[in-house]
Each structure stands twice: as structure tokens, then as C-alpha cells.
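# Observations on chain architecture
Listed below, chain by chain, are the residues.
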Amino acid sequence: MNKKLYLLMLLFVVACAPVKIPTADVTPTVVSTPTPSATRVLAASPTSVTTPAPTPTNGPEGGTITIGVVGNWNGDVNALPQVVQTALYDSLLQIDPVNGALKPGLAEKYQVSNDALTITFYLRAGVRWHNGDPFTADDVVATLKAFSDPNFRGTPLTDFGTFTRATALDAQTVQLAFSDAYCPALTSIGTLKILPRAVAASANFPRLTAAQWIGTGPLKFVSQTNDQINFERNANYFGGAPHIDLWTVRMFADGNALRAAFNAKQIDVMSAPANDYAALKTFPNLVSVDSPEAIEMLFNTDTPTLNDPRVRQALTYALDRNVLLNDLGGQARPLDAATLPGFWAFANNLPRYAFDLAQAKQLLADAGWRDSGDGILKKNGKPMTLELWTEADEPQLEPLAFRIREMDAALGIQVTLQLDDHSGWITRAFAHRFDLLLLKRKLPLDPDQRWYWQTDQNAKGSGFNFGSYASPKVDSLFKASAHTPQCDPAARATSAGEIDRQLLTDAPAVFLFSPKKYMVLRERAMGIAPSPFAGDYWNLNTWRVNPQ
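## Some points on the overall build of the protein
Within the protein one finds 15 helices and 23 strands. Within the span of the protein, comprising 548 residues, buried residues form 57% of the whole. For the protein, the exposed surface amounts to about 21500 Å²; the carbon and sulfur share of it is 51%.

## A look at the environment of Thr 187
Take Thr 187: it is sitting in helix H4 (residues 184-190). For Thr 187, a relative accessible area of 8% gives the class buried. C-alpha separation for the pair Thr 187 and Leu 93, spaced 94 residues apart in sequence, amounts to 7.9 Å. Excluding anything up to four places from it in sequence, Thr 187 contacts Leu 102, Leu 445 and Asp 446. One polar contact links Thr 187 to Asp 446, side chain to side chain, over a distance of 3.1 Å.

## A look at the sheet that holds strand E4 (residues 107-112)
The strand order across the open sheet built from four strands is E4-E5-E7-E6, with neighbouring strands paired in antiparallel fashion. Each of the sheet's edge strands pairs with one partner strand only, and the pair in question is E4 and strand E6 (163-170). The sheet shows a mean angle of 20° between the axes of neighbouring strands, taken without regard to direction. As defined by bridge partners, E4 adjoins strand E5 (residues 118-123) across five bridges and the pair is classed as antiparallel. If you follow Gln 111 over to E5, its bridge partner there is Thr 120. Packing of helix H3 (residues 137-148) onto the sheet brings it into contact with E5, E6 and strand E7 (173-178), and relative to E6 it is tilted by some 170°.

## Side note on the packing of aromatic side chains
Inspection of every chain in the model, using the stated rule, returns 21 aromatic pairs. Pairing Trp 453 with Phe 511 gives two aromatic rings, centres 5.9 Å apart and planes at 80°, and the pair type is edge-to-face. Of the two residues, Trp 453 is situated in helix H13 (residues 450-453) and Phe 511 in strand E21 (residues 509-521); the sequence distance between them amounts to 58 residues. Here Tyr 537 and Trp 543 contribute two aromatic rings whose centre-to-centre distance is 6.2 Å and whose plane-to-plane angle is 45°, an arrangement assigned as tilted. The same class applies to Tyr 537 as to Trp 543, namely buried. Through successive ring pairs, a cluster of aromatic residues spans Phe 147, Phe 152 and Phe 205. Here the basic side chain of Arg 428 rests over the ring of Trp 389, its NZ or CZ set 3.5 Å away from the ring centre. Sitting above the plane of the Trp 453 ring, Arg 441 keeps its charged end 4.9 Å from the centroid.

## Considering the pairing of strand E9 (residues 228-233)
Across five bridges, the pairing between strand E8 (residues 219-224) and E9 is antiparallel. Each bridged residue has a counterpart across the sheet, and for Phe 221 the counterpart in E9 is Phe 231. Between E8 and E9, which pair antiparallel one after the other, the connecting turn spans three residues. Pairing between E9 and strand E10 (residues 246-252): five bridges, direction antiparallel. In the strand pairing of E10, Gln 228 is matched with Arg 250.

## With respect to empty space enclosed by the protein
Of the pockets and cavities examined, the largest cavity occupies roughly 180 Å³. If you go around the largest cavity, you meet 18 residues; those closest to its centre are Ala 338, Thr 339, Phe 343, Pro 444 and Gln 449. The leading source of residues in the lining of the largest cavity is helix H15 (residues 489-506), at four residues. Taken together, the residues of the lining of the largest cavity break down into 14 nonpolar, two polar and two charged. In this structure, the second largest cavity occupies an estimated 100 Å³ of space.

## Digging into the side chain of Arg 544
Residue placement: Arg 544 occurs in strand E23 (residues 544-545). With relative accessibility at 1%, the residue Arg 544 sits in the buried group. For Arg 544, the side chain forms a polar contact with the side chain of Glu 61, separated by 2.9 Å. A distance of 3.1 Å separates polar atoms of two side chains, one belonging to Arg 544 and the other to His 243.

Reading the values: the criteria
Residues numbered from 1 in each chain as written. Predicted model: local features only at pLDDT ≥ 70, side-chain atom pairs only at ≥ 80, totals over all residues. Heavy atoms only, no water. Helix = DSSP H or I, 4+ residues; strand = E, 2+ residues; numbered from the N terminus. Buried < 20%, exposed > 50% of the residue type's maximum accessible area, 1.4 Å probe, protein only. Areas by Shrake-Rupley, 256 points an atom, 1.4 Å probe, with all protein chains shown as cover. Contact = heavy atoms within 4.5 Å. Polar contact = N/O pair within 3.5 Å; in protein donor to acceptor, adjacent residues only side chain to side chain. Pairing = 2+ DSSP bridges. Axes fitted to C-alpha atoms, helices over the stretch in contact; angles between N-to-C directions. Phe/Tyr/Trp six-rings, centres within 6.5 Å; stacked < 30°, edge-to-face > 60°. Lys NZ or Arg CZ within 6 Å of the ring centre and 35° of its normal. 1 Å grid on protein atoms, 1.4 Å probe; cavity = no way out; pocket = protein on both sides within 12 Å on 5 of 7 lines; lining within 4 Å. Points joined across faces, edges and corners; volume = space filled by probe spheres on them. Nonpolar A, V, L, I, M, F, W, Y, C, P; charged D, E, K, R; others polar.

Pasting the structure below:
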């Protein structure tokens, strides 16, 4: 149950040179990945992702800062705002902000067995909780036991997969056991926030009181009211003491209230999704970065017309991404695959779909769809008619859907645009009641995306393979990735690249864009460097403020 809910959380939330999509893998996949190691956490490697650089260390010290977020407090530790979680807690592993690779966190290194049935974490020495107690392996074991409990009553964010138990081999060593090899757990469990043993084992877990907000993170809890939390810097933080002395996180009911507070100079920093761009574009000091999500148009392969890959490829060639990007005001990054460019497992030599109406028409003709002279494509005398569904009033999806309908009409395809509210649209997606589905969905931190594409996830009402896509080769590649000896990153990146290549060949979806996300800053705020992988607050300890 936790796994399905976790996936529900994941879900909701440039012109290319012409190339014919290959039907076979004719070249080896070239991947951008750190040097593999069975015993050391991976070091970062440069990529093309644009992430603002933190301010150098010779800036001002001290001062105060106020961060604004949208949401509310409900006590669930997993439902705390991301800035609060990052301020209070650390994980065994961190995410490299440049390429999403795994880095040392509370664990200095890790070792994966050759059969990938055990993962051993070697903990950093000298780390202390905010109350002064030493951080030990017992805290890790208690945290994993609490969050993986089948009766866990909170918001599930961690995919434990085949995890069976955690054992403290000594005070600084934790070993995880799995019933079957499951390499995605290295990322999922490795990035879980670790709590003190007493907190994780408390009767009220996971709904913690403010007094239980004790972590190892860069900030220490001071006080809390209905709409704000106050922190002070953790001078003993193992990652380096923060430069700012006092911190406040304020909670607002919605984006309008948040922006009003920023305009009134009540807050110094706020983050916002792509949908807020129209309201943000006039703000000074607007920082944008790729969002870890994809705008995709899924094909329902249960629809007889769309069961032919040539038709799906044709509809992909028919979309002019430059026009679509213009409709988004340029506030997105074109995608060539199901993976965000710059990610450590992104393959650099994938084929690409350029806008090519002639190629689209040829593929449709090869599939038996021809214009009989009235501008309408027909096969066996029947016109091609499709329904395109998306979420009504979604600021990015709805205008894209109208434009896609126009582009398909240029091919002679009759597309009916259908809009539904959020809950109705989700219900329709799970029921596979669509021909074309335009949606946004999260891109996981691990290269494993089997929930979206694997054949056994094609279960109406519960599975996330909404388009009923089936590929024995892709299924085999996902299995190989999960069972990779020592969870070797280079081998897993190769598998991910081959999966992306096969998805492009089979075209179960059109991978369109990664929308931007934003942070709005006052001039006094320095060193803020949002990342598509590590999030907006990964480097709180290097932030600074100029004195007022």
C-alpha cells in the first residue's frame, strides 16, 4: 500500500536535426555518469544543467532571513514543507545538485553486495543531534523500521521495494537486507530523512510535536506558532556551519498571499512552480531552473488506431516544439526522452524527433491512412478520430492541448479536445478512458521509471502505465537495472539509456518539456542555488544575507 501511495505522490503533482527513429539499437548508448565504485559514494561529474553557483565563502556573516512557503502544518513529518525538512534533517546520502548523482551524507560511504541483496552504510563519525546526543546506527535502524512498517500511518515518500530489515553491525555501520535485488532502493532509502531513535519509536510517530523536531541538519528548531517556525543556525553542523544566524519560515494559504507578503517585504525568499510564471515575471531577482517533471502526451495503445507504432511516431513528428514552447512563453526545457538532460543516467546519443510533416504523412500512409481528397485521413473508408484529454484550467496543459489539436488537424486527423477537473481527469487516467492524454508527472531521482512503462503496471484502476504500453525488451531492461551487480551506476545508466532508446522507437508517449520552477529573492539574499535534482534548499548552510 505504501508503494502505491508513494507513486501517486510522484505522479501528480529546441528544434532537432531530422532523424529517422531506428527500429533496432545500432549504436552503443553513451552515458554521462560518475566513475563507478562498489564501496565509495559517487563523486559529482560536470554536466550541462544550469544551476546557479552558491556565493563564495568570503561574504557577510550573521543576520536573519525569512522564507515564505504555501501550505499548512499537520504534524506529519513527511508533510512538512521541504525547506523545514531540509533544515532539520539529513539523509544517509545526498543528491548532487548538478547531475543528481549520489553523494556522501550521514554515510561517508556505502557498499553493495555483488548480488545486490545487501547494502552496507558506513556512517560519518562525530555527528550529533541538535540536543547534543551522538548520531549512531541505532537511529538509522529505528528510522527505517518506523517508515517501512506496513501499518505506517503517515504520508509515504519512500519506496522500500523488497527491503526486509536493517541491522546495526556496530555504532557506525548499518546493513540493509532485501528479499530480492532492488537497486532503486539505494536512492529511495538513501535519501530518506533520518530521525533520532527515540522520535522514530515514539507512540505519536509520524505526527510529531514541535518539541520532537530534532535532527542533525543545518538549522535547529527554536519556536513555532500557527503560521511560522523559527530556527537558529547549527554551529556544529557536519557540512559546515550556516552563515545566517536566525531563520524564519512563514506559511501562507496560497500563492496570492505569498506574493503579497513578498511585495510587502515580509519575506526574503519564496519558491513557485511553473504555473505561477505569469504572476512572477515582473518580480525582480527571479531565478529559474528546470523542474524534475515532464510534460508528456500519452498514447493509449488499447485504442486500435494507436496500437500501430507508425501512427504514434507520425503524431510525434507532427508536433512543432518551437511553436509549443512559444505558447509556454519559453518557460520550459524541451525533452528528447523520458529523462531530464544533465541527469547522470541520461544517454547522450539518443535519436530525436524533429518537426517533419512529410515524414509524419509518409508513416501514416505506410500504416494505411491516406487523404482521399477531402483533407481527412481515412483507412478502409473510416476517418481517423481521436479524443485528447487534459486537465481543465491547468495554465500550461490546456493551451498546449489546443495547439496540439491544431497540429494534428494539419495531418487530416479529427481530434476532439476534452477537458475535465483534476479529480475527474485522474479517474479517467487510471481507467485508461482516453485516446491521447496530456499530463505532467514527476521524474524520479533514480533512473528506474518502471511504474510508468512496465507491462505489469498496466492495471486499470491502480497501475500507472495508463497507456497500456507493453514491451518485453523494456521489461527485461528494468529487471536488469534492478538486479545490477553491486548496483553499479555505469551499468544502470546503460540500461536506462537503452530503455529511453526503446521508448523512442515504440513511441508510447511524446516527451515534450520539463517546465521551469522559480525562486524569487530579495537583493539581500545571497548564495541561493536551486537545483532540478537536489531541490531549492540543498545548500542552506552556504546562504548569506547582506546587512540591511
